[in-house]
Number of protein chains: 2
Amino acid sequence: MESELKPMDSEQLREYAHKMVDFIADYYKMIESFPVLSQVKPGYLKELLPDSAPCKPENLEDVFDDIRQKIIPGITHWQSPDYFAYYPSNSSTAGFLGEMLSAGFNIIGFSWIASPAATELEMIVLDWFAKMLKLPEQFLSTGQGGGVIQGTASEAVLVVLLAARDKILLKAGRKSLEKLVVYCSDQTHSAMQKACQIAGIFPENFRVLKTDSSSNYALLPEVLSEAISKDLSFGLIPFFLCATVGTTSSAAVDPLLKLGNISKVHDMWFHVDAAHAGSACICPEYRHHIDGVEEADSFCMNAHKWFLTNFDCSLLWVKDRSALIQSLSTNPEFLKNKASQENSVVDFKDWQIPLGRRFRSLKLWMVLRLYGLENLQSYIREHIKLAEQFEQLISSDSRFEIVAPRTFSLVCFRLLPPLYDQDDGYKLNYNLLDAVNRSGKIFMSHTVLSGKFVLRFAIGAPLTEERHVVAAWKVLQDEATILLRGS
Amino acid sequence: MESELKPMDSEQLREYAHKMVDFIADYYKMIESFPVLSQVKPGYLKELLPDSAPCKPENLEDVFDDIRQKIIPGITHWQSPDYFAYYPSNSSTAGFLGEMLSAGFNIIGFSWIASPAATELEMIVLDWFAKMLKLPEQFLSTGQGGGVIQGTASEAVLVVLLAARDKILLKAGRKSLEKLVVYCSDQTHSAMQKACQIAGIFPENFRVLKTDSSSNYALLPEVLSEAISKDLSFGLIPFFLCATVGTTSSAAVDPLLKLGNISKVHDMWFHVDAAHAGSACICPEYRHHIDGVEEADSFCMNAHKWFLTNFDCSLLWVKDRSALIQSLSTNPEFLKNKASQENSVVDFKDWQIPLGRRFRSLKLWMVLRLYGLENLQSYIREHIKLAEQFEQLISSDSRFEIVAPRTFSLVCFRLLPPLYDQDDGYKLNYNLLDAVNRSGKIFMSHTVLSGKFVLRFAIGAPLTEERHVVAAWKVLQDEATILLRGS
C-alpha cells in the first residue's frame, strides 16, 4: 500500500470486509461477557493512543487489536441482552446489512437526480409503514403529504416546528416571533425545548404544562385549554402543540384526539411524537394508543429504537409537505436540474436540516422484507410480555413498588424507603441504580416522577430473553438487600 | 425464521454479512459498467415494488435480486471513476470498515457515559486532524475549544450561527434579532442561507456580497467593510461572517486573514467553510490557502468529501466550546449521570442539533491509520495532478475556454459560443452537459459564473485514474463536435 495507495480496491475491500464481518459476529457472540456499562474513567483513551496521526500506513490486525484492547472497554454495550437503559437502540442482521449496502453505494441523495432509487425507495417504504400504522391517507406520498427519514426525533420535531413557525410568521409578520407560544408537557422529550431554542422561540413562551400521577403523567386537555386561554388573553399566539405517545420517563400516552381537537380550534400545528411507542402500534391491540392521529399535522416514530433498524432512522410524516418545503428549501444554481425544475420529483433536501443524506431507506426496507410484518409484531409482543413478567416480579417483592403503570415494555419502579426516610428514598434508589450499573451485569437508567427517584427498566434489546430479565431481577434484589442492610 | 424470529443471531449475521460483502465487492468490480448518472424516469420504482410491506419474511437472495434489477438502475454512481459532478463523496476500504464497525456496535453516543470510547476517540482524532491541518492550538480539545463530528457542513454552519446568535442576543436582548446581520458572498454555499432561515435571521439582513472574475470569485475585504459600515449606519448589528476556502461553484478561496481582521474589529463570529478544499490543506504546499484561520472562531472541513471517509463525517472545530454548549444544551433528568454532573467529561449532544449520534470517529480513525498521512497527501496530489492534465487538454482545444482559474482539483470551463450567439453560449453549454450526462459515460454538473453557464469537472473519486480523465475528455470533445455541427 505504501508504494501506491489504492483506497478502493474491490479485492482488498472483499478481503478486509470479510475479516470485519467475523470480528463483528464474534463481538455479538461474546457480548454477554462484557460489562454492559463501560467501567472506564474519563480520559482513559488519551493515555492509550498516540498524540498524532501516523505518517505511514498501519496493519489491519493492529487496528483490530486496538479495538479489542482499547476501544471495547470504553463501549457501553447497547446491543447487550442485559441492556435496559434509556430506550433500546435496535441492531439486527437485516438492519446491519442495510447499513453495509448504504455505506457501499455511498451516494448522497439530496435531490432525486443524485440517485433516484434513494428518494423513491424512501417514499415507498414510508408509505408501507404508514399503512402498517394505519395512519390517515393524508400522510401518504400520494396526496399533499408524505413521509421522510430524519436522523432523529429531535430533527423531526425541529423541522415541523420551523414549518409551523414560518407559516404563522408569513401571516402575522416576522416581528410576531416574540408572541409565538409552544405547548408541551413536563414529560415531553427535551428535544422540544432544544427545537424551540434553535427556532428562536422566546423562552418565556415555551409552555411546559404540568402532569402528575392522577393522569399517569399524560397531558390533560383541560390544562392545555386553560394555558391557551390565558396566553390568548395576553395577546400571545398559540401555534404549536407537541403530544407524546410513550414518553421518555414513563411511556405515558397523551390523549391525542382531545388534544388534537383543541389545537384545531386554535389553528395550531399538532405534532405527535411516538418515537418509542410508535413501533408497538403496528400491533392491532396497541393501535388505539395513536387514535386521534388523524388530527395531527405531523407524526414521528423512530425505527431505530424498537424496530430492528440500525441508528439512525427516524420516520416523520406530514400532511402538508409544502409547509416543510416552504421553510427549508434553497435553490442554488449548482443543484439545479431538469427533474427538479419541472417539479416532477421530490427532493428530500428540502424536508430536512442538512443538504446531504444517506440511503437510509435500504435498511428499513431490508428489515421489513427479511422479517415481515407478522414477525415484527411478534417481536414487539415478546418484549411487552417480558415487561409484564418483570412487573410481576417487582410486585411479588414487597420491598419494591411500581411507580407508574406499565403500558408497553418499560417498567418504572423503586425500592420503598424506610419510614421517615429523609428524602423519600431518593438517595436509596440513586444508590441502588449506581450499584447495579457498577456491577456491570446490567445497565439501567432513571427518571424523577413527582419528586421520586425512579428506576426505569426498558426492555427492547433484540437479544434479550426471559433468562436475562430473571437474572436482572436477581441483581436488583441482591443489591437492594445489601443496601437495605446498610441503611 | 418464521417460527421464531432471531433478528440478531451472531451466526446468521456472519453468514448474511459475508454475502453482503461479496455483493458490495462485486459492485465495485462492475462499477464502470453502469451508466454513471441513473437514466430512470421519475416514479420508476413504484411500478416495480409492491404497495405494502410483506406479512411473511422473504429470502435474502430475492432481496439481492431486487437490488440488482430494481435499485441499481436507479443509482447515480458516486463511486464510479467516471463521476465528476458536484464534489466527490469518497468511499474507501478503511472508511467502509469503519461504517461497518459503527453499525455493528450501534451505540448512541449522546453523552460520554453512553459509550466513553465514542466521545474520547472523537476528541483524539479531531485533535490529530487539527494538527495535520496546523490549526491554531485554540482549536484543540486541550484548551477552551475542540473539534466535533457533525453530519454535514450545513449542520456545522448552523450550530455556530446559533452559538453566535445567542451570544449576541444575550447582550443585546432577544428583540434585537431583527437587527442581526450575516455576511457571506454570492459564492457561499446555500447552507448559509438555510442556516439563516432556520435561526430566524431576517431575510433582509442576510448579506450576499457580490464577487466577480476580477477577484476570481473571492470575497473582497473592501466589499465586506463597506457593507458593514452601511449596516452600522442604519443601526443594525453585524455579527456573523462566513468565508469559504474552495467554493462550491469554482473552488474560489476567500482571503481569510483580511476578512478575519475585519470581523475581529466588529466583534463578529468568523466561520471558515473549507468543506471541500480543507482536505488539500494537509499538504504543505496547499496549507497557505487557510492562512488566516487563526482569526477564525470556527472552521469546518468534510472528511466525507475528498478524504476517503464515508458519508457522513463533517469536522467542525471551535475556539470557544462554551458558546456552542450555551446555545444547544438541555439537561433532562433522564440523561443525568455522575460524570456529566461533575463536569469531568464532554457530552457531544450539546455540540449538535440531534440528541443521538453514531460512532463516526471510528471510520476517520481507520482511514488515518490504514492509509497514513503520507499516503493521504499523495492521494490529494494525484487528483490535483489529474486536474492539471485535464486543464491542459481543455486549453489545447480552441473551441473551449477555462472560465475560472483552477486551484485544486476542480476545472471550470465551457464551450465557446459562436459569434453573435444570442445567450452567450448558455444553451449551448446546457445542451453539452445534458448530452454527456445522458450518454451515461460520465457525470458532471454545472454552475453559473458572471451569467455564463459553466461546466464543472470535479476530480476526486477514489477510483479515478488518468485513463478516465482522458476518456471523459474524449466524450466531451465528441459531444461538442456533434453540437457545434448542429448549431
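These numbers come from a predicted model, not from an experiment.

Rules used in this analysis
- Residues numbered from 1 in each chain as written.
- Chains lettered and ligands numbered in written order.
- Predicted model: local features only at pLDDT ≥ 70, side-chain atom pairs only at ≥ 80, totals over all residues.
- Heavy atoms only, no water.
- Core = buried A, V, L, I, M, F, W, Y, C linked by side-chain atoms within 4.5 Å.
- Buried < 20%, exposed > 50% of the residue type's maximum accessible area, 1.4 Å probe, protein only.
- Contact = heavy atoms within 4.5 Å.
- Salt bridge = Lys/Arg side-chain N within 4 Å of Asp/Glu carboxyl O.
- Helix = DSSP H or I, 4+ residues; strand = E, 2+ residues; numbered from the N terminus.
- Buried area = accessible area lost by both parts, 1.4 Å probe.
- Nonpolar A, V, L, I, M, F, W, Y, C, P; charged D, E, K, R; others polar.
- Axes fitted to C-alpha atoms, helices over the stretch in contact; angles between N-to-C directions.
- Parallel < 35°, antiparallel > 145°, perpendicular 65-115°, else oblique.
- Left-handed = near helix turned anticlockwise from the far one by under 90°.
- Least-squares fit on C-alpha atoms with pLDDT ≥ 70 in both.
- UniProt positions renumbered as here; feature names shortened; annotations may be inferred.
- Expected span 1.5 Å × (residues − 1).
- Pairing = 2+ DSSP bridges.
- Domains from an automatic or database assignment.
- Polar contact = N/O pair within 3.5 Å; in protein donor to acceptor, adjacent residues only side chain to side chain.

Draft legend 1. Main features of the nonpolar core. Judged by nonpolar contacts, the single largest core of 256 residues is most densely connected at Phe-299, Trp-317 and Trp-365 of chain A together with Phe-299, Trp-317 and Trp-365 of chain B. The contact partners of Phe-299 of chain A, leaving out residues within four places of it in the chain, are Leu-133, Leu-135, Phe-139, His-271, Val-272, Ala-274, Ile-290, Val-293, Leu-315, Leu-316 and Trp-317 of chain A.

Draft legend 2. Highlighting the pattern of salt bridges. By the definition in use, this model includes 72 salt bridges over all chains. For Lys-175 of chain A, the salt bridge identified is with Glu-178 of chain B, shortest N-O distance 3.1 Å. One end of the pair, Lys-175 of chain A, is in the loop between α5 (153-172) and β2 (180-185); the other, Glu-178 of chain B, is in the loop between α5 (153-172) and β2 (180-185), on a second chain. Assessed through its relative accessible area of 54%, Lys-175 of chain A is described here as exposed. Residue class for Glu-178 of chain B comes out partly exposed when judged on its relative accessible area of 28%. One salt bridge in this structure joins Arg-467 of chain B and Glu-32 of chain B, with 3.4 Å as the shortest N-O distance. Residue Arg-467 of chain B is found in helix α14 (residues 466-486), and its partner Glu-32 of chain B is found in the loop between α1 (10-30) and α2 (60-71); the two are separated by 435 residues along the sequence.

Draft legend 3. Expanded view of the interface of chain A and chain B. Every contact between the two is made by 155 residues of chain A and, on the other side, 155 residues of chain B. Here chain A meets chain B over a buried area of about 14,000 Å², counting both sides, of which 65% is carbon and sulfur. The largest share of the area that chain A buries against chain B comes from Met-8, Phe-334 and Arg-369 of chain A, three residues that together contribute 6% of it. Along the contact surface separating chain A from chain B lie 16 salt bridges. Looking at the side of chain A that touches chain B, its residues break down into 82 nonpolar, 38 polar and 35 charged.

Draft legend 4. Geometry of the packing of helix α4 (residues 116-132) of chain A against helix α12 (residues 361-395) of chain A. Residue and element names in this part refer to chain A. For the pair α4 and α12, the least separation of the axes is 9 Å and the interaxial angle reads 45°. It follows from the interaxial angle that α4 and α12 lie oblique. Handedness of the crossing formed by α4 with α12: left-handed. Here Ala-118, Leu-121, Glu-122, Val-125, Trp-128, Phe-129 and Met-132 of α4 come into contact with α12, specifically with Ser-361, Leu-362, Leu-364, Trp-365, Leu-368, Arg-369 and Leu-373.

Draft legend 5. Examining the relation of the copies chain A and chain B more closely. With an RMSD of 0.0 Å, chain A superimposes on chain B once it is rotated by 180° and translated 0.0 Å along the axis. Such a combination of turn and shift is consistent with a two-fold rotation axis. The share of interface residues of chain A whose copies in chain B are also at the interface is 100%, consistent with both copies meeting through the same surface.

Draft legend 6. Representation of the UniProt feature "modified residue: N6-(pyridoxal phosphate)lysine" (unreviewed entry) in chain A within the structure. All names here are of chain A. Sites flagged by UniProt as "modified residue: N6-(pyridoxal phosphate)lysine" (unreviewed entry) map to Lys-305. Its location among the elements puts Lys-305 in helix α9 (residues 303-306). Residue contacts for Lys-305: discarding those within four places in its chain leaves Tyr-87, Pro-88, Ser-89, Asn-90, Ala-275 and His-276.

Draft legend 7. Examining the environment of Pro-136 of chain A more closely. All names here are of chain A. Its location among the elements puts Pro-136 in the loop between α4 and β1 (146-150). In the structure, Pro-136 is positioned 158 residues away from Glu-294 in sequence and 5.7 Å away in space, judged by C-alpha atoms. Ignoring sequence-local partners within four residues, the contact set of Pro-136 consists of Val-293 and Glu-294.

Draft legend 8. Helix α6 (residues 190-199) of chain B, seen in detail. Residue and element names in this part refer to chain B. Here α6 lies mainly inside the structure; 9 of its 10 residues are buried. Every buried residue of α6 is accounted for by Ser-190, Ala-191, Met-192, Lys-194, Ala-195, Cys-196, Gln-197, Ile-198 and Ala-199. Of the residues one or two after α6, Gly-200 is the one with positive phi, at around 80°.

Draft legend 9. Spatial organisation of α5 of chain B. Residues and elements named next belong to chain B. Given a rise of 1.5 Å per residue, 20 residues ought to cover 28 Å, and the 28 Å separating the end C-alpha atoms of α5 matches this to within 8%. Judged by how many residues are buried, α5 sits mostly within the fold: 16 of 20 residues are covered. Taken from the residues just after α5, Gly-173 is the one with a positive phi, measuring 90°.

Draft legend 10. Structural context of the sheet that holds strand β10 (residues 445-449) of chain B. Residue and element names in this part refer to chain B. Strand order in the open sheet formed by 4 strands is β8-β9-β11-β10, and the pairing between neighbours is antiparallel. In this open sheet, the two strands that pair with only one neighbour each are β8 (400-404) and β10. The mean inter-strand angle of the sheet, taken between neighbouring strand axes irrespective of direction, is 45°. Bridge count between strand β9 (residues 410-415) and strand β11 (residues 452-458): 4 bridges; the pairing is antiparallel. Of the residues in β11, the one forming a bridge with Leu-410 is Ala-458. Across the face of the sheet, helix α13 (residues 426-438) comes into contact with β8, β9, β10 and β11 while running at roughly 30° to β11.

Draft legend 11. Representation of the sheet that holds β2 of chain B within the structure. Residue and element names in this part refer to chain B. Reading across from one edge, β1-β7-β6-β5-β4-β2-β3 is the order of the 7 strands in this open sheet, with mixed pairing throughout. Each edge of the open sheet is held by one strand with a lone partner, namely β1 (146-150) and β3 (206-209). On average, each strand axis in the sheet is inclined to that of its neighbour by 20°, with strand direction left out of account. In this sheet, strand β7 (residues 314-318) lies alongside strand β6 (residues 298-302) in antiparallel orientation, the contact comprising 5 bridges. Residue pairing in the sheet places Ser-298 in a bridge with Val-318 of β7. Helix α7 (residues 221-233) contacts β2, β3 and β4 (237-244) of the sheet and is inclined by roughly 165° relative to β2.

Draft legend 12. Highlighting the side chain of Thr-119 of chain B. You can see Thr-119 of chain B is positioned in helix α4 (residues 116-132). Residue contacts for Thr-119 of chain B: discarding those within four places in its chain leaves Gly-109, Ser-111, Trp-112, Val-346 and Phe-348 of chain B.

Draft legend 13. Just the domain arrangement of chain A, in detail. Residues and elements named next belong to chain A. Along its sequence, chain A is carved into domain 1 (98-368) and domain 2 (382-486). The centre of domain 1, based on its C-alpha atoms, is set 32 Å off from the matching centre of domain 2. At the interface, 17 residues of domain 1 touch 16 residues of domain 2. Taking both partners together, domain 1 and domain 2 bury about 1,300 Å²; carbon and sulfur atoms supply 64% of that area. It is Tyr-217, Ser-249 and Trp-306 that lose the most area in domain 1 upon contact with domain 2, and together they represent 39% of the buried surface on that side. On the surface where domain 1 and domain 2 come into contact, there are 0 salt bridges. Linking domain 1 with domain 2 are 5 residue pairs in polar contact (both at pLDDT 80 or more), by the criterion used here. When its residues are assigned to classes, the side of domain 1 that touches domain 2 shows 8 nonpolar, 9 polar and no charged.

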